[in-house]
Protein chains: 2
Amino acid sequence: MENKLKFKVLKTKWKSRAGEIELNGVKLKTPVFMPVGTKATVKWIPLDFLKDTNYLGTEDRVNIILANTYHLFLRPWEDLIQKMDGLHKWENWDGLILTDSWWFQVFSLGLGAKKEELAKIQDDGVWFKSPKDGSKHFFNAEKVVDIQSKLWSDIMMMLDVCSPVEDISKEEVERQMNITHNWAKRAYEYFMPKYNDIRWVLFPIVQGGLYKDLREKSATYLSNFAFDGIAIWWLSVWETKWEMEDILSHTTDFLPEDKPRYLMWVWTPEDLIMGIREWIDMFDCVLPTRLGRHGTAFSENGNIKLKNACYFDDKAPIDSKCKCYVCQNYSRSYLHHLVKEKEMLWWTLISLHNISYLHQVVEQERNRILED
Amino acid sequence: MENKLKFKVLKTKWKSRAGEIELNGVKLKTPVFMPVGTKATVKWIPLDFLKDTNYLGTEDRVNIILANTYHLFLRPWEDLIQKMDGLHKWENWDGLILTDSWWFQVFSLGLGAKKEELAKIQDDGVWFKSPKDGSKHFFNAEKVVDIQSKLWSDIMMMLDVCSPVEDISKEEVERQMNITHNWAKRAYEYFMPKYNDIRWVLFPIVQGGLYKDLREKSATYLSNFAFDGIAIWWLSVWETKWEMEDILSHTTDFLPEDKPRYLMWVWTPEDLIMGIREWIDMFDCVLPTRLGRHGTAFSENGNIKLKNACYFDDKAPIDSKCKCYVCQNYSRSYLHHLVKEKEMLWWTLISLHNISYLHQVVEQERNRILED
């Protein structure tokens, strides 16, 4: 079978690699950072900014963004988006769209509630409650594929179970991993005859918590389904850097070398660089817009809180080396003023800087791999 | 004396005229609509959108925006902006900046409070309280000129008294008008020797409430100071359309024909068209961003509230004839989704549409005047 997603490794160096993905006429240079557009919008950023290297201050524009299956299922519903001719047209995006797995959102949206109240995992799928109206819904491996097809996702994620890392036995993590494996098998058996002629691709997701032998088992098993690429569920929200790196390093050893690897839900720029240096090709990260909203900006010298009084009359840009539109045109003083006066333009400007900053970081890493 | 502001009438038709203003190397085609950027930001709109005809869907980009003296005096202070090399550089704007008079803001910000508590008008100036911290401040004719010079305003407004239209006798309106006239004289006596070599210009503001004889007196008196242009305090917030048009028509009869006329604080697109057809050249209007924030968009068939359920699956743009970026790229369905999900991008998109819409309306009026 010919792959729909073309992946080419151009060069490897240390434990990193630079490559190219081609899918549906769009080329991605890897490693690639993918901005998060959960509800069919990258929060407070007109997408045309991400299409324009003048705004990003990068060599390459953004060619792929995320959207979230679970959120769009709850509202406004996949049927609407299908009727509107798919996500790309609806949100005015000409690059690729990867639709995120559903799981993390169930938990992160219901942190105050007991997990059992929000979602009940069975062998054949998962029951969960909408945090919006309390309505009950059932997802299984096949349904999640169908929802993503209605969104017109380029790269779909399979349904999986993300085990927590605390208050759980190894036996339970293994049981959940086996459910994930079973769902992967079902997802592919459903996906291949129905959608294989269509341009979409599906990634399985490696689980196994903090147990190296389980990660090895999961990576090995799911590699059978990694026709176009493979995702790794990440742990950075809870775990120490050292444990994260160790588990990741052990996991990538068991993945096919000729498929791109997507490390899900990376947390900080440092985690992203670490991932690149552990053979990872694709990343998402919600921090740029989440921090942007609170007036916090990435910089080479650590995060800057623009609300702080010290920036009142600071003529310098956020980061003097950053080439993004915001750093080229606005001072910290002006951004401080916007935050203090609650002038919402800061949400857009600081988030744009943060996305551009990560994009630049990844480009620099790529160039370091490619140079002799 | 040679005028700093060059104004050329290209053609008159009915009671309208099309012309050109040139000041500080920037050309404005008149009639001109000026977006409001009160606190050194046009609310939730990256200013680069206003520089780009692709976003506006117009022949000409936006070449002038407003800022507000009173707001910027209270925070962050004119001294900071001077230190930051002026408003243009600070907010990244390469067109002209007109700084609005202070008066309306005092009242509109303190609608719940008694007017006397917020501002006390004396013959020599006005005491007012900051609504932010209760601190007391004094403005007089000279100080307001100095503040605007520190902001690096291209077109300054003099200090004036805007009489209310209710609960006030004609005698009191006349007394307040005379104070305005006295302040105009003082402002010019102060401005001319100090700033006449600099590129800035100062406009007097016609007052006189709803009394035709007072409007005539005010227009006639202030025409002596209208070296570069003249402003007319507007009444649309409170008055009926018919009264407005009648007073305006009577006022413009007494203004010099070779100077641009700025009608302050126009309220709706209809008012703006009416102004153009009563010999007005310049307009501002806060409605585009104020409505945009609440999800309401201008259209040829009246305002559209995008939150309404009927737009859930509406594939049409806000206005099918509008050429702006938003109408070219987004459906009502998508904008409805943003509003319902509280995804703040709608503030930017709908406000941008509204500004573009007014800009297009004014361009159409201008073209109608110019065509044979």
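Residues numbered from 1 in each chain as written. Chains lettered and ligands numbered in written order. Predicted model: local features only at pLDDT ≥ 70, side-chain atom pairs only at ≥ 80, totals over all residues.

Things to note about helix α16 (residues 345–370) of chain A
In this model, α16 of chain A (26 residues) spans 37 Å end to end at C-alpha, consistent with the 38 Å of a helix rising 1.5 Å per residue. α16 of chain A sits mainly inside the fold: 19 of its 26 residues count as buried. (Helix = DSSP H or I, 4+ residues; strand = E, 2+ residues; numbered from the N terminus. Expected span 1.5 Å × (residues − 1). Buried ≥ 20, exposed ≤ 12 C-beta atoms within 10 Å, placed from the backbone.)

A word on the relation of the copies chain A and chain B
Laying chain A over chain B is done by rotating through 180° and shifting 0.0 Å along the axis; what remains is an RMSD of 0.0 Å. These values place the two chain copies in the arrangement generated by a two-fold rotation axis. (Least-squares fit on C-alpha atoms with pLDDT ≥ 70 in both.)

A closer look at the pairing of strand β9 (residues 136–139) of chain A
Residue and element names in this part refer to chain A. Sheet topology places strand β8 (residues 125–129) next to β9; four bridges connect them, and they run antiparallel. Within β9, the residue paired with Trp-127 across the bridge is Phe-138. The hairpin turn running from β8 into β9, its antiparallel successor, is six residues long, and Gly-134 in that turn takes a positive phi close to 75°. (Pairing = 2+ DSSP bridges.)

A closer look at helix α12 (residues 269–276) of chain B
Residue and element names in this part refer to chain B. Within α12, the full set of buried residues consists of Pro-269, Asp-271, Leu-272, Gly-275 and Ile-276. All buried residues of α12 lie within an arc of 160° about the axis, which places them on one face of the element. Turning to α12, the residues buried within the fold contact β2 (16–23), β4 (32–35), α11 (241–252), β14 (261–263), β15 (282–285) and α16 (345–370). (Arc of directions from axis to C-beta. Contact = placed C-beta atoms within 7 Å.)

A short note on the sheet that holds strand β10 (residues 155–157) of chain A
Residues and elements named next belong to chain A. Taking strand neighbours across the sheet as the criterion, the four strands line up as β5-β6-β10-β11 in an open arrangement whose pairing is parallel. The open sheet has two edge strands with one neighbour each: β5 (64–68) and β11 (201–203). Taking the axes of each pair of neighbouring strands and ignoring which way they run, one obtains an average angle of 25° across the sheet. In terms of strand pairing, strand β6 (residues 96–100) meets β10 through two bridges, oriented parallel. Bridging across to β10, Thr-99 finds its partner in Met-156. (Axes fitted to C-alpha atoms, helices over the stretch in contact; angles between N-to-C directions.)

A short note on the interface of chain A and chain B
Across the contact, 30 residues belong to chain A and 29 residues belong to chain B. Those elements that place two or more of their residues in the side of chain A that touches chain B are α4 (78–83), α5 (87–91), α15 (332–340) and α16 of chain A. With four residues, α15 of chain A is the largest single contributor of residues to the side of chain A that touches chain B. When its residues are assigned to classes, the side of chain A that touches chain B shows 14 nonpolar, seven polar and nine charged. (Nonpolar A, V, L, I, M, F, W, Y, C, P; charged D, E, K, R; others polar.)

As for the packing of helix α9 (residues 170–195) of chain B against helix α10 (residues 212–222) of chain B
All names here are of chain B. Relative to each other, α9 and α10 sit at 5°, their axes nearing to 11 Å. The angle between α9 and α10 places the two elements in the roughly parallel class. Contact residues: Val-173, Glu-174, Met-177, His-181 and Ala-184 in α9; Leu-214, Ser-218, Tyr-221 and Leu-222 in α10. In terms of residue class, the contact of α9 with α10 is built from six nonpolar, two polar and one charged. (Parallel < 35°, antiparallel > 145°, perpendicular 65-115°, else oblique.)

A few points about the sheet that holds strand β1 (residues 6–13) of chain B
Residue and element names in this part refer to chain B. A sheet is described by the order of its strands in space; here three strands give the open sequence β1-β2-β3, paired in antiparallel fashion. Two strands close off the open sheet at either side, each with one partner strand: β1 and β3 (26–30). Mean inter-strand twist for the sheet, computed between neighbouring axes without regard to direction, equals 10°. Where β2 and β3 come together, five bridges link them in antiparallel fashion. Paired with Glu-22 across the two strands is Lys-27, which belongs to β3. Here α16 sits on the sheet and contacts β1, β2 and β3; the angle it forms with β2, its principal contact strand, is near 110°.

Here we look at the environment of Phe-139 of chain B
Residue and element names in this part refer to chain B. Within the secondary structure, Phe-139 sits in strand β9 (residues 136–139). Measuring from C-alpha to C-alpha, the distance between Phe-139 and Ile-121 comes to 9.7 Å, with 18 residues separating the pair along the chain. When near neighbours in sequence (up to four residues on either side) are disregarded, Phe-139 contacts Trp-102, Gly-125, Val-126, Val-144 and Leu-159.

Observations regarding the confidence of the model for chain A
Detailed reading of the predicted coordinates is not advisable wherever pLDDT is low. For chain A, mean pLDDT is 92; residues scoring 70 or higher make up 94% of the total. Reported confidences for the modelled complex are a pTM of 0.95 and an ipTM of 0.94. (pLDDT = per-residue confidence, 0-100.)

Quick word on unusual backbone geometry
Residues and elements named next belong to chain A. With an omega dihedral of 0°, the bond running from Thr-30 to Pro-31 counts as a cis peptide bond. Examined against the element boundaries, Pro-31 turns out to sit in the loop between β3 (26–30) and β4 (32–35). The step from Arg-75 to Pro-76 runs through a cis peptide bond, and the omega angle for that step is 5°. Residue placement: Pro-76 occurs in the loop between α3 (69–74) and α4.

Looking at the pairing of strand β8 (residues 125–129) of chain B
Residue and element names in this part refer to chain B. Only one face of β8 is buried, namely the one carrying Val-126 and Phe-128, since none of Gly-125, Trp-127 and Lys-129 on the opposite face is buried. As paired elements, strand β7 (residues 119–122) and β8 share four bridges and run antiparallel to each other. Across the sheet, Lys-120 pairs through a bridge with Trp-127, a residue of β8. The antiparallel hairpin formed by β7 and β8 contains two residues in its connecting segment.

Some points on the nonpolar core
Within the largest apolar cluster, 228 residues are counted, with the highest numbers of intra-cluster contacts made by Met-158 and Ala-187 of chain A together with Met-158 and Ala-187 of chain B. If we ignore the near neighbours within four places in the chain, the residues touching Ala-187 of chain B are Ala-141, Val-145, Met-158, Leu-159 and Leu-202 of chain B. (Core = buried A, V, L, I, M, F, W, Y, C linked by C-beta atoms within 7 Å.)

Regarding the environment of Ser-16 of chain A
All names here are of chain A. Along the chain, Ser-16 falls in strand β2 (residues 16–23). Between the alpha carbons of Ser-16 and Arg-277 there is a distance of 4.8 Å; along the sequence they are 261 residues apart. Look past the residues within four positions of Ser-16 in its chain and what remains in contact with it is Ile-276, Arg-277, Trp-279 and Ile-369.

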